[in-house]
Amino acid sequence: MNHNPLPMVSVTGNLSYPPRLSVFTQTFWNGLRAGQWQTTCCEDCKKVTFPPKPVCPHCWSPRVSWQPLGSKGVLYSWTRIHAAPAVFASESPYAVGIVDLTEGVRLACRLVAGTDVALTPGMPVEMVVLRYEDGPLFAARPVLESQED
Ligand SMILES: [Zn+2]
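Residue positions are given per chain, counted from 1 along the sequence in the order it is written. Local features are withheld for residues below a pLDDT of 70 in this predicted model, meaning they are given only at 70 or higher, and side-chain atom pairs are given and counted only at 80 or more; totals for whole chains, interfaces and linings count all residues. Side-chain metrics rest on all non-hydrogen atoms present in the structure, leaving aside hydrogens and water.

Colleague: Before we move on, could you go through the pattern of salt bridges and cite the residues and values that matter?
Modeller: Salt bridges are identified by distance alone: a Lys or Arg side-chain nitrogen within 4 Å of an Asp or Glu carboxyl oxygen. Counting across every chain of the model gives six salt bridges. Here Arg-63 makes a salt bridge to Glu-43, at a shortest N to O gap of 3.5 Å. Placement of the pair is Arg-63 in the loop between strand S3 (48-49) and strand S4 (64-68) and Glu-43 in the loop between strand S2 (38-42) and S3, with a sequence separation of 20 residues. When a residue's accessible area, from a 1.4 Å probe over protein chains only, is under 20% of the maximum for its type it is buried; when over 50% it is exposed; and in between it is partly exposed. Note on Glu-43: relative accessible area 31%, which makes it partly exposed. Across the pair Asp-100 and Arg-106 runs a salt bridge whose closest N-O atoms are separated by 2.7 Å. Residue Arg-106 is classed as partly exposed on the basis of its relative accessible area of 44%. Helical segments are the DSSP runs of H or I of at least four residues, strand segments are the runs of E of at least two, and each set is numbered from the N terminus.

Below is the structure:
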């Protein structure tokens, strides 16, 4: 499993809807700022959870630890938002998707894909960090055949 830092994509401006930071979540957001992609894994039932949680949602164990995630997955579904909520209006239209990571984690995130890219369910994607001027956000982008390892 490749745990190199996620690729960075620079974005002009600030996050439209910054994440709420807490003592628990700052591990995730501070790591993401450096390209570190991680979540929590239960030390009792061994299940991986995303987003990270201080208590395992499968067996309620409080014994969780941080674990690196791989960057690769496939696109489960997607849509392009044209009529965006007010805070995201300046970024519309933008694509969002549901991604299944290789580890079995399913998550929703922004998709970095212009309107010239044909998004299709099952296509390979990789996670990236959108580096806004005031902080990071995770996102996925299609892996085109010529870019694959
Ligand atoms: Zn558990």
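Colleague: Explain the packing of aromatic side chains to me, and be specific about the residues and the numbers.
Modeller: Each Phe, Tyr or Trp ring, with Trp reduced to its six-membered ring, pairs with another whose centre is within 6.5 Å; inter-plane angles below 30 degrees give stacked pairs, above 60 give edge-to-face pairs, and intermediate values give tilted ones. If you walk through the whole model with that rule in mind, you get eleven aromatic pairs. Measuring from centroid to centroid gives 4.9 Å for Phe-28 and Trp-29, while their planes differ by 85°, and the two rings are edge-to-face. One exposure class covers both Phe-28 and Trp-29, and it is buried. With centroids separated by 5.4 Å and ring planes inclined at 90°, the aromatic side chains of Phe-50 and Phe-138 adopt a geometry described as edge-to-face. Taken together, the residues Phe-50 in the loop between S3 and S4 and Phe-138 in strand S9 (residues 135-142) connect sequence positions 88 residues apart. A single burial state applies to Phe-50 and to Phe-138, both of which are buried. Ring-pair connections join several aromatic residues into one group, and the members of that group are Phe-28, Trp-29, Trp-37, Phe-50 and Phe-138. If you follow Arg-106 out to its NZ or CZ, it ends over the ring of Tyr-76, 3.7 Å from the centre. As a reminder, the over-ring test applies to NZ of lysine and CZ of arginine, requiring each to be within 6 Å of the ring centre and within 35 degrees of the ring normal. Looking at Arg-110, its charged tip hangs above the ring of Tyr-94, at a distance of 4.2 Å from the centre.

Colleague: Outline the coordination of the zinc ion, supporting the account with residue identities and numerical values.
Modeller: Because no water is among the atoms considered, metal sites can look incomplete, with donors defined as N, O and S atoms within 2.8 Å of the metal, or 3.2 Å for Na, K and Ca. At 2.3 Å from the zinc ion lie its protein donor atoms, namely Cys-42 (SG), Cys-45 (SG), Cys-56 (SG) and Cys-59 (SG). One way to put it: the four donor atoms around the zinc ion meet at angles of 103 to 118°, and that makes the site tetrahedral. Positions of the donor residues of the zinc ion along the chain correspond to the pattern C-x2-C-x10-C-x2-C. A residue pair is termed long-range when its members are at least 10 positions apart, and Cys-42 in strand S2 and Cys-56 in the loop between S3 and S4 qualify at 14 residues. The same class applies to Cys-42 as to Cys-56, namely buried. Angular criteria define each label, namely tetrahedral for four donors with all angles between 85 and 135 degrees, square planar for four and octahedral for six donors with opposite donors over 155 degrees apart and remaining angles between 65 and 115, and irregular for whatever fails these tests.

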